[in-house]
Amino acid sequence: MRRLLRDRRAAFGTAVLASVVVAALAAPLVTRGDPAAPRDIVATRFLPPFSTDVDGTFHPLGTDRLGQDVWTRLVYGARISLGVGVLAVIISLAIGIVVGAVAGYRRGPVRIALLGLTDFALALPRVVLLLLLAALWHPSAALVIVVLGLTGWMSVARLVQGEVRALAVRPFAEGALALGVSPGRVLWRHILPNALTPVIVAGALGVGNAIGLEAALSFLGLGVQPPTPSWGSMIASGRDTLVNAPWVAAAPGLALVLVVVACTMVGDALQDALNPAARHEAKGLSG
Amino acid sequence: MVAGLVRRVVACLAVVAGVVTLTFVLLRLAPGDPVEQLLGPAATPAQVSAARHALGLDRPVAAQYVAWLGRFARGDWGTSIATGRPVRALLGEAVPATLELVGLSLALSYLLGLTVGAIQATARPRLDAVLSVTTVTLFALPGYWLGLMLVMVFTYWAGVLPAFGASGLDTDLLSGWARLGDRLRHLALPLATLTLIGIGGTARFVRGAMLDVKREPFVRTAEAKGLSPTRVVRRHVARNALIPVVTLLGLSLPALFSGAVLVEAVFAWPGVGRKLVEAVRARDYPVVMAATTVSAFLVIAGNLLADFAAAWIDPRIRHGKRSP
């Protein structure tokens, strides 16, 4: 039963993520045209879901205040959300792996300094930092990616550090050193590949987290700027029209929840499958 | 033990100092300054430079930093550039509102999250699966969106709860219980938003911690010597699972505070988070600095308290035998 459940979680998560990725990549095929194209505002604004406008265009999720098709913006917004989430996590993983590997392999002051830096960065209130960093330059998708990447590497560094430290004293690593392999090569070729299991899990959970934070920044107006569609800015634009057009805010929020749940489920299933012992190091601590 | 405590407190103070310095530097690097925002585009260059001089903004950044630190340490937190009000008074109103919201939601989400997590760890697989899906979904909800949806349902459709602020227009006319009721009605939606998400995270963590403890040999021993399952769970599993949970309490404070920033912005709850967002937008340097310092201090003090609580629960930590 448990095994079956495990498989179902992974299957659900993968299916959701795969369909969102396919829809985002095939956006021009599954929607009608440009998500930011100006429309006839008077005739086509705030059409409810499943309605057809004066031109005969069908709107499965209705239209927003500018008469733009919510479904089209949702699908194009998926490109931004997924792209930002994945790229930000790649930056976090790169920094986290390097810091964690060096801190785990080098003893003495280097380790102390790097671990101190990690703890320090972990203690910073992330949203405050995001607010400040996002206010520094003109808000854009690239800035959001860099900011999320720079503020998300700490848990990865801790995980990698722990793994590397444990692996460095194992016979195969000491053996390689004794055979005359350089320490750097031992670290990168022999130790790191064995230390990456929890990183995969942290990555899957991190993508969901980063997508949520991107939407939060865009919601506050500090992320991706309109007219580029992003789920966060779509929720923000639907905020003022909750009474007469609730679908404008509801649709991107539901999409967001679905994708984050899918990422979490894939991460959980991976964790149970790969490494049941390290469960509570990666989970829940990603503020 | 005492040396360890002192070391922890010193490390925490260093983090606060780091946060404050980093905020100061980032804030000065950010384009735009409060004077431009205050005087608007119609101001002449002479007026702008006069205002900058009056505020001390034309001095070197390092000198400004030292001056600010000195004044802050002496309790002079300055005056808000955007509103002209003393920063201490501004934050004096905001801090209790945030503590009320964050504290209550922390208590509620831990109470309910512990219950749900403990049920999951001891329940049949089917119930566990249903609850797992529920908690994952709760945990994935973006706070600001959940807030909007609750407003939509309870304010616009049902018309039973207010959506904005901390008190109604007629608060000053109310007294005693009626005033408390008004406050609670305003608190309901932001509190529900933060608590629902918190339950998801806590329950997931508690479930994991309890299942980990259940695999320990001492649990098998307890079962083998014939203790009833309830007693094993209560006395042996739950107690030991409490240690990582208490540590999580401290670690989840920054996340909870971050969540509160967004939720306060959505509900116009007059707390530190909302003040901070407004002040960052207006480049209101004194308010940003004070709000960041206070929030960093609260978060780190919370972490420290959680560490002490973990040491109090677990004699192994108390006696310094924690593995690295």
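Per chain, residues are indexed from 1 in the order of the written sequence. Chain A is the first chain written and ligand 1 is the first ligand written, with later ones labelled in order. Selection of residues for local features in this predicted model requires a pLDDT of at least 70, selection of side-chain atom pairs for listing and counting requires 80 or more, and totals for whole chains, interfaces and linings are taken over all residues.

## Quick notes on the overall build of chain A
We count a stretch as a helix when DSSP gives it H or I for four or more residues in a row; a strand needs E for two or more, and each element gets its number in order from the N terminus. For chain A, the count of helices and strands is 14 helices and 2 strands. Within chain A, buried positions represent 52% of all 287 residues. Here, residue contact means that the backbone-derived C-beta atoms of the two residues sit within 7 Å. By sequence separation, contacts in chain A at least 24 residues apart represent 71% of the contacts at least 6 residues apart. Residue burial is a threshold on neighbouring C-beta atoms within 10 Å of the residue's own C-beta, all placed from the backbone, with 20 or more meaning buried, 12 or fewer meaning exposed, and counts in between meaning partly exposed.

## A few points about the overall build of chain B
When helices and strands are tallied, chain B shows 13 helices and 0 strands. Overall, chain B shows an N-to-C arrangement of helices and strands of α-α-α-α-α-α-α-α-α-α-α-α-α. Each of the three principal axes of chain B carries a C-alpha extent, and together these read 85 × 55 × 35 Å. A burial count over chain B gives 39% of its 324 residues as buried. Within chain B, contacts between residues separated by at least 24 positions form 73% of all contacts whose residues are at least 6 apart in sequence.

## Some details on the interface of chain A and chain B
In this assembly, 41 residues from chain A lie in contact with 46 residues from chain B. At the level of elements, α1 (2-25), α5 (109-123), α6 (126-136), α11 (197-219), α13 (247-274) and α14 (279-282) of chain A are the ones that each hand at least two residues to the side of chain A that touches chain B. Put simply, Ala, Val, Leu, Ile, Met, Phe, Trp, Tyr, Cys and Pro go in the nonpolar bin, Asp, Glu, Lys and Arg in the charged bin, and everything else, Gly too, in the polar bin. Taken together, the residues that form the side of chain A that touches chain B break down as 29 nonpolar, 7 polar and 5 charged.

## A look at the packing of helix α8 (residues 154-168) of chain A against helix α10 (residues 183-195) of chain A
Residue and element names in this part refer to chain A. Axis separation between α8 and α10 bottoms out at 9 Å; the angle between their running directions is 125 degrees. Classified by the angle their axes make, α8 and α10 are oblique. Taken as a pair, α8 and α10 cross one another with a handedness that is right-handed. Between α8 and α10, the contacting residues are Val-160, Glu-163, Val-164, Leu-167 and Ala-168 on the first element and Ile-191, Asn-194 and Ala-195 on the second. When grouped by side-chain class, the residues that make up the contact of α8 with α10 number 6 nonpolar, 1 polar and 1 charged. Inter-axis angles, ranging from 0 to 180 degrees, are taken between N-to-C directions of lines fitted to C-alpha atoms, where helices are fitted over the stretch in contact. Should an angle fall under 35 degrees it is taken as roughly parallel, and over 145 as roughly antiparallel, whereas 65 to 115 is taken as roughly perpendicular and any remaining angle as oblique. Each helix crossing is assigned a hand: it is left-handed if the near helix lies turned anticlockwise from the far helix by less than a right angle, otherwise right-handed if that turn is clockwise.

## Quick word on the confidence of the model for chain B
Residue and element names in this part refer to chain B. Looking at chain B as a whole, the pLDDT averages 80, with 93% of positions reaching at least 70. Per residue, pLDDT measures the predictor's confidence, with a range of 0 to 100. Looking across chain B, the model is least confident in helix α13 (residues 315-318), with a mean pLDDT of 66, and most confident in helix α5 (residues 87-122), with 88. The ipTM for the predicted assembly is 0.77, set against a pTM of 0.79.

## Observations concerning the environment of A:Arg111
Residue and element names in this part refer to chain A. Mapped onto the elements of the fold, Arg-111 is located in helix α5. Between the alpha carbons of Arg-111 and Ala-101 there is a distance of 9.8 Å; along the sequence they are 10 residues apart. In contact with Arg-111, not counting residues within four places along its chain, are Ala-103 and Arg-106.

## A few points about unusual backbone geometry
Even without being glycine, B:Ala268 reaches a positive phi, approximately 50 degrees. When you line up the elements, B:Ala268 lands in the loop between α10 (229-267) and α11 (272-282).

## With respect to the packing of α11(B) against helix α12 (residues 285-313) of chain B
Axis angle and axis distance: for two packed helices, these are the angle between their axes and the distance between the axes, and together they describe the pair. All names here are of chain B. α12 packs onto α11 with a crossing angle of 145 degrees between their chain directions and a minimal axis gap of 9 Å. When you trace α11 past α12, the crossing you get is left-handed. In this structure, α11 uses Val-272, Lys-275, Leu-276, Ala-279 and Val-280 to contact α12, whose residues at the interface are Val-287, Val-288, Ala-291, Val-294 and Ser-295.

## A closer look at α10(A)
Among the residues of α10(A), A:Val186, A:Leu187, A:Ile191, A:Leu192 and A:Ala195 are the ones counted as buried. Where α10(A) is buried, its residues touch α4 (70-105), α8 and α9 (171-178) of chain A.

## Some thoughts on the environment of A:Val259
All names here are of chain A. Among the structural elements, Val-259 can be located in helix α13. On the neighbour-count criterion, Val-259 (26 C-beta atoms within 10 Å) is buried. For the pair formed by Val-259 and Gly-206, sequence separation is 53 residues and the distance between their alpha carbons is 12 Å.

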